[in-house]
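# Residue-level structural notes
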Amino acid sequence: MGVGQDLLNVPFPKMIYDMAMAIAKGQLALDKSSVNTLKILANTKFDYIPEITETLTPRPFSPPSKPDVTITGVDVHTDISPSAKLTLLQAGIVPTFYQFTESIIEVKMSISSKTETSSSLDVGVEVTASADFLFGSASVSSHVNYSTASKYSYSVDGSSLLRTTLKPAPPPQRIMPRFITVNALESPPKITFSE
Amino acid sequence: MALQMYIVALRNGYSEEASRDVQRLVRQCDGYILMVTRTGPLIALDDSKAGVISKHPLVGFMGPVTLNPRGIAAERLQRIFAENLSKQLEIRNTGERGPDS
């Protein structure tokens, strides 16, 4: 198997698809949760007291033991304006929306291929000769030893990293309600829009 | 520690006991009670501990929220949050120092 084939075997399209699907599912679940939060905030009412007026007026007095000494006193008169029912959403608490901003797929591969060849050659020649009265003889022997060994190893190690960043995002305009305030205290009534 | 603001909705509607139990749980998780409503408390909690609260049987729903500075009562809410937070920080600091110090 070649290195090129190993690289081609990395299932990139599937990895990207799986990650995209996981992000889409995650985004959907987060958006649903934020919309639920929006509903809860819109239904949670509390008594909002817009103003408390404290009026301080001087009230000097003299202690009975020392009638000639005047102590600066003060009267505090508190006026509480009528409360109004306000939802948490109107008051200024909004659901947090999240958005996947960046996703990374990182694949690391380590391919190693090793070939080892060793060979040995052993050549030997032996010559023996003898001579006698009438004849002589000689013998020659030779040997050749040849050995060869080959080792081949191939290994592929791989690791993959999938990283995605989640950040808070401003609420989508179509999900957030628009507040229309009609101020009938003014003539003609003043209408203001806010989000 | 990344503190995030959440609204906690009680599962079976408001009851003083349930609200108190949830608040106690939030404190045990090193969170802070910013405000108590009839739906449930508004809390500040570390992201990593959110699962402990949301899985509690008394909790029906828990969602992250943000304070919109342009809201009608945003300033007032901010002041309420700060006031409640400072009280809890005082209690925590006293607890950490111990009664003798």
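Values in this document were obtained by computation on a predicted structure and should not be read as measured data.

From N to C terminus, chain B includes 3 helices and 4 strands. Of the regular secondary structure in chain B, the N- to C-terminal order runs β-α-β-β-α-β-α. Taking all 101 residues of chain B together, 43% fall into the buried category. Summarising the internal contacts of chain B: among those between residues at least 6 apart in sequence, 67% fall at separations of at least 24. With the model as given, the accessible surface of chain B reaches about 5,900 Å², and the carbon-plus-sulfur share is 50%.

Ordered by their spatial adjacency, 5 strands build an open sheet running E5(A)-E4(B)-E1(B)-E3(B)-E2(B), and the pairing between neighbours is antiparallel. Strands with a single pairing partner mark the edges of an open sheet, and in this sheet they are strand E5 (93-95) of chain A together with strand E2 (32-36) of chain B. Neighbouring strand axes in the sheet, compared pairwise and without regard to direction, differ in orientation by 40° on average. Two strands pair when backbone bridges link them, and E5 of chain A and strand E4 (residues 59-67) of chain B are joined in this way by 3 bridges, in the antiparallel orientation. Bridge pairing links isoleucine 93 of chain A to leucine 67 of chain B in E4 of chain B. In the packing of helix H2 (residues 12-43) of chain A onto the sheet, the strands contacted are E5 of chain A together with strand E1 (3-10) and E4 of chain B, and the crossing angle to E4 of chain B comes to about 90°. Relative to E2 of chain B, helix H1 (residues 16-28) of chain B is tilted by about 155°, and along the sheet it contacts E1, E2, strand E3 (41-46) and E4 of chain B.

What follows deals with the packing of aromatic side chains. Residues and elements named next belong to chain A. Overall, the coordinates contain 1 aromatic pair over all chains when judged by the stated rule. The interplanar angle of 75° and the centroid separation of 6.5 Å between the aromatic rings of phenylalanine 46 and tyrosine 48 together place this pair among those described as edge-to-face. For the pair shown, phenylalanine 46 and tyrosine 48 are each scored as buried.

We now examine H1 of chain B. All names here are of chain B. An ideal rise of 1.5 Å per residue puts 18 Å on 13 residues; H1 measures up with 18 Å between its terminal C-alpha atoms. Among all positions in H1, only Ala18, Ser19, Val22, Leu25 and Val26 are buried. Viewed end-on, H1 has its buried residues packed into an arc of 125°, placing them on one side of the element. Within H1, the exposed residues directed more than 90 degrees away from the buried face are Glu16, Glu17 and Gln28. Tucked into the core, H1 has its buried residues touching E1, E2, E3, helix H2 (50-54) and E4. Of the residues one or two after H1, aspartate 30 is the one with positive phi, at around 65°.

Let's shift gears to H2 of chain A. Across its 32 residues, H2 of chain A extends 47 Å between first and last C-alpha, which sits within 8% of the 46 Å expected from 1.5 Å per residue. For H2 of chain A, every residue scored as buried is listed here: Met15, Met19, Ile23, Gln27, Ser34, Thr37, Leu38, Ile40 and Leu41 of chain A.

Once that is clear, we can look at the interface of chain B and chain A. On the chain A side, the residues contacting the 21 residues of chain B number 21 residues. Surface buried jointly by chain B and chain A totals about 1,800 Å² across both partners, of which 64% is contributed by carbon and sulfur atoms. Taken as a group, Phe61, Pro64 and Ile72 of chain B account for 28% of the area that chain B buries against chain A, more than any other trio of residues on that side. Where chain B meets chain A, there are 0 salt bridges. On the surface where chain B and chain A come into contact, there are 11 residue pairs in polar contact (both at pLDDT 80 or more). For the side of chain B that touches chain A, the elements supplying multiple residues, two or more each, are E1, E4 and helix H3 (74-97) of chain B. Among the residues forming the side of chain B that touches chain A, the class breakdown is 13 nonpolar, 7 polar and 1 charged.

Residues and elements named next belong to chain B. Inspection of the secondary structure puts alanine 50 in helix H2. When its relative accessible area of 12% is taken as the criterion, alanine 50 is described as buried. Sequence separation of alanine 50 and cysteine 29 is 21 residues, and the distance between their C-alpha atoms is 8.9 Å. Beyond its immediate stretch of four places on either side in the chain, alanine 50 contacts Tyr6, Leu45 and Met62.

In this section: the pairing of E4 of chain B. As a general feature of sheets, a regular strand has side chains that alternate between the two faces. Pairing between E1 of chain B and E4 of chain B: 5 bridges, direction antiparallel. Its bridge partner being in E4 of chain B, isoleucine 7 of chain B is matched across the sheet by glycine 63 of chain B.

Residues and elements named next belong to chain B. As for its position among the elements, serine 19 is in helix H1. Residue classification places serine 19 among the buried residues on the basis of a relative accessible area of 1%. Beyond its immediate stretch of four places on either side in the chain, serine 19 contacts Leu10, Tyr14 and Val36.

Cut-off values and rules
- Residues numbered from 1 in each chain as written.
- Chains lettered and ligands numbered in written order.
- Predicted model: local features only at pLDDT ≥ 70, side-chain atom pairs only at ≥ 80, totals over all residues.
- Heavy atoms only, no water.
- Helix = DSSP H or I, 4+ residues; strand = E, 2+ residues; numbered from the N terminus.
- Buried < 20%, exposed > 50% of the residue type's maximum accessible area, 1.4 Å probe, protein only.
- Contact = heavy atoms within 4.5 Å.
- Areas by Shrake-Rupley, 256 points an atom, 1.4 Å probe, with all protein chains shown as cover.
- Pairing = 2+ DSSP bridges.
- Axes fitted to C-alpha atoms, helices over the stretch in contact; angles between N-to-C directions.
- Phe/Tyr/Trp six-rings, centres within 6.5 Å; stacked < 30°, edge-to-face > 60°.
- Expected span 1.5 Å × (residues − 1).
- Arc of directions from axis to C-beta.
- Buried area = accessible area lost by both parts, 1.4 Å probe.
- Salt bridge = Lys/Arg side-chain N within 4 Å of Asp/Glu carboxyl O.
- Polar contact = N/O pair within 3.5 Å; in protein donor to acceptor, adjacent residues only side chain to side chain.
- Nonpolar A, V, L, I, M, F, W, Y, C, P; charged D, E, K, R; others polar.

By themselves, these figures tell us nothing about what the structure is for.
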